[in-house]
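# Chain and residue survey
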Amino acid sequence: MAISPAFALGEGNRNLLLIGVMGFAPIIILRFFEFDTLDFLLFLFLTTIAVFPALLHPETMRWSTVLYSMMFGLTFIAYKQLLRQKHFSVLNYFRILKLLIYAYFIVLLVQQFCVLTGLPVFNLSNYDPIQPWKLNSLAVEPSHSGRIVALLMYSYITIKEKLLNRSYNLKKEFRKDKWVWIGFIWTMITMGSGTAFLFLGIVLLKFVRLKNWTPLFIVGLAAAALISVLEIPALERATKTITATLTLDEATIIDADHSASIRIVPMIILIKILDLSSVNGWFGHGVDHVSTFLSDYMPGVPEGISGGGLFQLWIEYGFISFWLFVLFSFITTFNKAAKMNIVFWFLLVFMYAVNTQIIWLCLIVLYTNNYFLRRDNFISKKNHE
């Protein structure tokens, strides 16, 4: 779920390696056959996205789209069942998070070396020669890498707190975790993605306390001044996009960053046409309905493109399906002891389409975080070291 090797990418950047792994999910489910309320909600949701369009809009039915979403759902259930077998320890999970952060860092370094020396770039995907330093590392594209590495780092810190049985103190832990932090920071600031800078800030928010607001404000002003002097394109794009998004004006957001607007503007467009007063409002307009009109509202966007996050789910499959998935995903990720989960839920779940890899990565990672946080088998600092 956390990587998309270039050799495994098929049509529409679908991860064929992941699809092959997901094919084992039904076997695992039948092997253990243990279900809870969360599984029931997910099964109910998967049933609605198959039944509603098939009955009400059969002319739009694309079983490949629906079955792809079902594969993700069944894989999540299978993963939960394996996790409950307790063969996967918190230390195993912690090490995997660390190795994934290192992997993104190392692959990015190799790619940067290739660009610097003129060699063929390793594991290249969605590359634009006009922006040679905008590199994808182990994800489909740089913006995806920024999101994924931030999620991994946030989870690394969260699980480290579990292992230490206290809050993560950056000053105390940096010596031990210095290479993790170096890998994380380097990846986020040099991959050439404005999204990476946004998520870098989100991860660092975990360390903000009320007593830290004054120094944080000073650091923020200094950073703003440095940005204006250095003129870092990716960071400038991120700043312009955030400022433009606050206006909620579609044209302003598109002008700020056309690439980022494809993720944001469709949500603004779709929220204006959500409906609960018709049959289609409750049961949907049919599969891929958004792709039939979205390009009319967004200049420069090719026909057939979709977007709008989970609002797309509402438009195409109806409010019932939308609410079931929102309820399922929120329960999966919410934890009072890890309030930042809500931010990642909104940015990596609510703002994405259901049949995308990054949604299910976020659900699996945050569910795993919560699973270990809620267990009582605390591991001592000595044992961890």
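Described below are features of the structure shown in this document.

Right, let's get into the overall build of the protein chain. If you tally the helices and strands in the protein chain, you get 19 helices and zero strands. The buried share of the protein chain, taken over its 385 residues, is 50%. In the protein chain, once contacts between residues fewer than 6 apart in sequence are set aside, the share between residues at least 24 apart is 71%. Summed over its atoms, the accessible surface of the protein chain is roughly 18800 Å², and 68% of this surface lies on carbon and sulfur atoms.

This part takes up the nonpolar core. Judged by nonpolar contacts, the single largest core of 108 residues is most densely connected at Phe-45, Met-153, Phe-184, Phe-325, Phe-328, Phe-344 and Trp-360. At 12 residues, helix 18 (residues 357-373) tops the list of elements feeding residues into this core. For Phe-45, the contacting residues outside a window of four places in its chain are Leu-313, Ser-321, Leu-324, Phe-325 and Val-354.

Further remarks concern unusual backbone geometry. Residue Asn-13 is not a glycine yet carries a positive backbone phi of 60 degrees. Assignment of secondary structure puts Asn-13 in the segment before helix 1 (16-22). Phi angles above zero are rare outside glycine, and Asn-165 is one such case at about 60 degrees. Relative to the assigned elements, Asn-165 resides in the loop between helix 6 (142-164) and helix 7 (170-190).

It is worth spelling out the packing of helix 3 (residues 37-56) against helix 4 (residues 63-84) at this point. Two elements in contact, helix 3 and helix 4, have axes whose closest approach is 10 Å; the angle formed by their N-to-C orientations is 170 degrees. If you check the angle between helix 3 and helix 4, you find them roughly antiparallel. Within the contact between the two elements, helix 3 uses Leu-38, Asp-39, Leu-42, Phe-43, Leu-46, Ile-49 and Ala-50 and helix 4 uses Trp-63, Val-66, Ser-69, Met-70, Gly-73, Leu-74, Phe-76, Ile-77, Lys-80 and Arg-84. Residue composition of the contact of helix 3 with helix 4, by class: 12 nonpolar, two polar and three charged.

Our next topic: the packing of helix 3 against helix 16 (residues 319-333). Remark: helix 3 packs on helix 16, axes separated minimally by 9 Å, with the N-to-C direction vectors making an angle of 155 degrees. The pairing of helix 3 with helix 16 is recorded here as roughly antiparallel in orientation. Seen along the crossing, helix 3 lies across helix 16 with a hand that is left-handed. Note on element contacts: helix 16 touches helix 3 through Ile-320, Ser-321, Leu-324, Phe-325, Leu-327, Phe-328, Ile-331 and Thr-332, opposite Leu-38, Leu-41, Leu-42, Leu-44, Phe-45, Thr-48, Ile-49 and Phe-52.

Thresholds applied
- Residues numbered from 1 in each chain as written.
- Predicted model: local features only at pLDDT ≥ 70, side-chain atom pairs only at ≥ 80, totals over all residues.
- Heavy atoms only, no water.
- Helix = DSSP H or I, 4+ residues; strand = E, 2+ residues; numbered from the N terminus.
- Buried < 20%, exposed > 50% of the residue type's maximum accessible area, 1.4 Å probe, protein only.
- Contact = heavy atoms within 4.5 Å.
- Areas by Shrake-Rupley, 256 points an atom, 1.4 Å probe, with all protein chains shown as cover.
- Core = buried A, V, L, I, M, F, W, Y, C linked by side-chain atoms within 4.5 Å.
- Axes fitted to C-alpha atoms, helices over the stretch in contact; angles between N-to-C directions.
- Parallel < 35°, antiparallel > 145°, perpendicular 65-115°, else oblique.
- Nonpolar A, V, L, I, M, F, W, Y, C, P; charged D, E, K, R; others polar.
- Left-handed = near helix turned anticlockwise from the far one by under 90°.

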